[in-house]
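# Structural description and commentary
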Amino acid sequence: ETGVTQSPTHLIKTRGQQVTLRCSSQSGHNTVSWYQQALGQGPQFIFQYYREEENGRGNFPPRFSGLQFPNYSSELNVNALELDDSALYLCASSLGSLRYGYTFGSGTRLTVV
Amino acid sequence: AQTVTQSQPEMSVQEAETVTLSCTYDTSESDYYLFWYKQPPSRQMILVIRQEAYKQQNATENRFSVNFQKAAKSFSLKISDSQLGDAAMYFCAYRSLNSGYALNFGKGTSLLVTP
């Protein structure tokens, strides 16, 4: 198993800028989800992709968008960055069945200044 | 919407002792899964244990076991023979078909293990 890898590990951006975070899912996993984890909080669901289509979304504005590619990699894009977007962003992949948990990456720490 | 509550922000246990972390959840669904994840300083969420709601038998994984009380909507994690490496944030999570397969997490419990 290759696990889930995320890049970059840390990132500093200025308010108003745009950012792209990348994730390589575990081999064979057709479902990828992104979570935002603010300091001292549990992760919050942003959205989920299944076979390259978004099939679930949490309470996040449209400036949070994503893509999933045929090779299991995915991207999270955030436009018009705000200070409150500073958080750990976690990517997680799964086989898609309800019974499975997710395999998480180590996250990207985004700081917006 | 489903909510997951972890009422213990911090817990402490001595090495080799047993500790129980609490979790309650609110749902009207009958088919769902519950998870405990561990998040060490490395930040990666690691699956500790999983429980299917339709199973009455409590899940166990080596030193980790759960007490699943479906009627009470309670899902506690027991760690036996605690080790220094168990120190981490522990998150309880809920997943169901109606939540779009998303994991709903609690706010976490920070576990300190003392020698």
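Predicted model, so just to flag it, every value in this text is computed and none were measured. (Residues numbered from 1 in each chain as written. Chains lettered and ligands numbered in written order. Predicted model: local features only at pLDDT ≥ 70, side-chain atom pairs only at ≥ 80, totals over all residues. Heavy atoms only, no water.)

### Some words on the environment of S74 of chain A
Residue and element names in this part refer to chain A. When you line up the elements, S74 lands in strand β8 (residues 73-78). Residue classification places S74 among the buried positions, given a relative accessible area of 2%. Through-space distance from the C-alpha of S74 to that of C23 is 5.2 Å; in sequence the pair is 51 residues apart. Those residues within four positions of S74 in sequence are excluded, and the remaining contacts are L21, R22, C23, V32, W34, L67, Q68, F69 and C91. (Helix = DSSP H or I, 4+ residues; strand = E, 2+ residues; numbered from the N terminus. Buried < 20%, exposed > 50% of the residue type's maximum accessible area, 1.4 Å probe, protein only. Contact = heavy atoms within 4.5 Å.)

### Considerations on the interface of chain A and chain B
Contacts between chain A and chain B engage 26 residues on the former and 22 residues on the latter. Taken together, both faces of the contact between chain A and chain B bury some 2000 Å²; the carbon and sulfur share is 50%. At the boundary of chain A and chain B, one finds zero salt bridges. Scanning the region where chain A abuts chain B turns up nine residue pairs in polar contact (both at pLDDT 80 or more). Looking at the side of chain A that touches chain B, the elements with two or more residues in it are β4 (31-37), β5 (44-50), β9 (87-94) and β11 (108-112) of chain A. Sorting elements by how many residues they give to the side of chain A that touches chain B places β9 of chain A first, with three residues. When the residues that make up the side of chain A that touches chain B are grouped by side-chain class, the tally is nine nonpolar, 15 polar and two charged. (Buried area = accessible area lost by both parts, 1.4 Å probe. Salt bridge = Lys/Arg side-chain N within 4 Å of Asp/Glu carboxyl O. Polar contact = N/O pair within 3.5 Å; in protein donor to acceptor, adjacent residues only side chain to side chain. Nonpolar A, V, L, I, M, F, W, Y, C, P; charged D, E, K, R; others polar.)

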